[in-house]
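Inside the fold
The residues making up each chain are set out below.
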Amino acid sequence: MAKQVSKRGVSNVRAAFVDANLALEEAKLDPELLKDPNLERFGCRPGKWEGAPWDAMPPGCPVQVLGYNGAVTYCRSAAGQLTAIERWTNGEIENLFAPYISYALWAWPGFGSAGKDADGNPTDPVVKRLERDRARNALINEGRRRGLFDPQDSVRGRGGWRDKSERFVWNSGGFLWTVTNGKLEATRPMEYDGHFYEMKPDVLRPWNEPIAPENSPASTILKSLKTWSFENELDALFVLGWMATGLMGGALDWRPVIFTTGGAGVGKSTLQGLIKRVLGRSLLDTTDTTQAGIYQRVRNDCLPVMVDELENKAGSSRATTIIELARLAASGGFMNRGGADHEGVMFQARNSFLMSAINPPPLETQDRSRMPILNLARLDKSRKATDIVVRDEDGRMILRQIMDGWTEFHEAILPRWKLALHEAGLDARAQATYGTLLAAAELLIGTDIMAEMGIDVETAIGGDDMRRAGAMISHLTAAERSEQTDNWQECLEHVMASPIEAWRSGERITIGSVLYDYRRGELHYNDAKHRLAAAGLGLREALKPHDWGSLAIPYKKLPALNKIFADTKWNGGVWSSALKQGPKDVVVRDLDQKFHTLRIAGVPMKCLLVDVKAFDELVGGDGT
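Residues numbered from 1 in each chain as written. Predicted model: local features only at pLDDT ≥ 70, side-chain atom pairs only at ≥ 80, totals over all residues. Heavy atoms only, no water.

1. Some points on the sheet that holds strand 1 (residues 64-69)
In spatial order, the strands read 1-2-3; together these three strands make up an open sheet with antiparallel pairing. The sheet is open, and its two borders are formed by strand 1 and strand 3 (82-85), each paired with just one other strand. Each neighbouring strand pair of the sheet contributes to a mean axis angle of 25°, computed without reference to strand direction. In this sheet, strand 2 (residues 72-76) lies alongside strand 1 in antiparallel orientation, the contact comprising five bridges. Each residue of the ladder has a partner; that of G67, found in strand 2, is Y74. Against the sheet, helix 4 (residues 132-146) contacts strand 1 and strand 2, and its axis sits at roughly 70° relative to strand 1. (Pairing = 2+ DSSP bridges. Helix = DSSP H or I, 4+ residues; strand = E, 2+ residues; numbered from the N terminus. Axes fitted to C-alpha atoms, helices over the stretch in contact; angles between N-to-C directions. Contact = heavy atoms within 4.5 Å.)

In structure tokens, the structure reads:
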């Protein structure tokens, strides 16, 4: 009996055949452009085409002029790469036209003196060299005709993008890929839909066949991820979703960031190895790097970035600047940096970042809101992280799933998850972060496996069950999100925890402890007032509705107050702007001015009033 070939095996054979044909196509060179420069091309003798030598571009030119900016002319070289030329040497022009240098010689020929044949008759002049100045003038003229070109806005490197019709476009470097009516199409990177797609060394190419759910590697990868000892039962889904969002890259409006933490022996290296094998060359993997090192490597690519060993080190801002870059990349924000010759360089990152550390650096609120923190615990002896065998085609298959399912993801799955999380009370940034990760995971594994993870999407769609699914996500991520503190609250908590250095008793009391003793009746109003004055603060007596009293924080930069905020992001009087971001029932600022003016250290000061009782109730305290 003949052995039956699996559907996946048949698909692999067809895919291999397509790959082989594509490799042959890559190796082809246009014979018309390789002809002897002395021969006719496109019906024209050397240098005799219409518009020669510089009033127009020669016919069939393998170089595409894209435009200009200042003295620089931008071109797509004959090899397909973006080239910026300011100094027009022979070598620059030859590099621009290679491997079709003979075409440039034909278009702008420099002829040698005519020789004689065997009978002594003069022969036709022979092309001997390139007329550099004529070639330069033709290319510069064409650049001015095309208009201004900004590589920052117009150039797209490798990774996932979205065109004007909302289709997903994948630039692998060697080819530009789209799916039209279920069919995969490939073309060389080019100017398309208002953008120039850059040719670079090839990374991941999509699988040539559509992927049926039963043939997807995503479920096997998820099964392996679930063997890690994550603190949150959804963390395995988040990692799988991150792999997909990493490939979606610039096509997404919001790119979630993930930070994994854990000590030795928790399987971080194994986890990173799994991700590397799945994403292959499309993953920009780096260790012990800098912010500049990353953006110099990324440039116009929107490929996923994994940074290992991003440890918190005393006296070093390296980790903080990398997190700043990840934060900008999440939304696609711009970063300006100084460049050579005192010219600024603008950089826009659109990459999904995954970072890991044993001791992560301090994270600001705006950073925490962009990233789930995945805590890995040491595995017990009964469990072991599964290091599965990842096949070469697994990443390609996941990419093909993304390409085939992009429209459903973008128009249905992601909006549904955002709505569910909105109705569960999560803010817009949490909806974008967690919703994008969960929607991407659902795209890969489908609703059945999501149900096995405890999220019954199929029955949840469009009803109360979807709200319950959102509420479950809200509950499971509550501890993680509780660490995200608003700027005004973080500022006020800093004040409360600050010591009153100048207090004469020798005690190391804090501002918060003075207020605590006062509201419990253990400290008289005048004593509390004098202690707070030593820190540049005031106290308004307990009167309804502020029946625990109000902490008065001056707008002015008093020396004692400056000391509290020294070396913080609220120094220099910024604290007043930060505190005004708080709710008006906590940070009171619209009473009659007489209530906002207090004497502090004998000097009348205009102050913000913090209702201590309202603040305690907001953060969950009961005043005891």
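That covers the picture; the talk isn't over yet.
2. Overview of the packing of helix 12 (residues 394-423) against helix 13 (residues 428-452)
Between two packed helices, what matters for the description is the angle formed by their axes and the separation of those axes. Orientation of helix 12 relative to helix 13, taken along the N-to-C sense of each, is 125°, at an axis distance of 8 Å. Relative to helix 13, the element helix 12 lies oblique. Of the two elements, helix 12 crosses helix 13, and the hand of that crossing is right-handed. Residue classes in the contact of helix 12 with helix 13 are distributed as 16 nonpolar, six polar and three charged. (Parallel < 35°, antiparallel > 145°, perpendicular 65-115°, else oblique. Left-handed = near helix turned anticlockwise from the far one by under 90°. Nonpolar A, V, L, I, M, F, W, Y, C, P; charged D, E, K, R; others polar.)

3. Comments concerning the sheet that holds strand 18 (residues 353-357)
If you trace the five strands from one edge of the open sheet to the other, you get 14-15-18-13-19, paired in parallel fashion. Each edge of the open sheet carries a strand with a single partner, namely strand 14 (284-287) and strand 19 (373-375). The average angle at which neighbouring strand axes cross in this sheet is 15°, direction not considered. For strand 13 (residues 258-261) and strand 19, the ladder comprises three bridges, and the chain directions are parallel.

4. Quick notes on the packing of helix 7 (residues 235-248) against helix 13
Where helix 7 meets helix 13, the closest approach of the two axes is 7 Å, and the angle between their N-to-C directions is 110°. The angle between helix 7 and helix 13 places the two elements in the roughly perpendicular class. As for how helix 7 packs across helix 13, the hand of that crossing is right-handed. Contacts between helix 7 and helix 13 involve L237, F238, L240, G241, W242, A244, T245 and M248 from the first element and Y434, T436, L437, L438, A440, A441, L443, L444, I445 and M450 from the second. Along the lines of polarity and charge, the residues of the contact of helix 7 with helix 13 split into 15 nonpolar, three polar and no charged.

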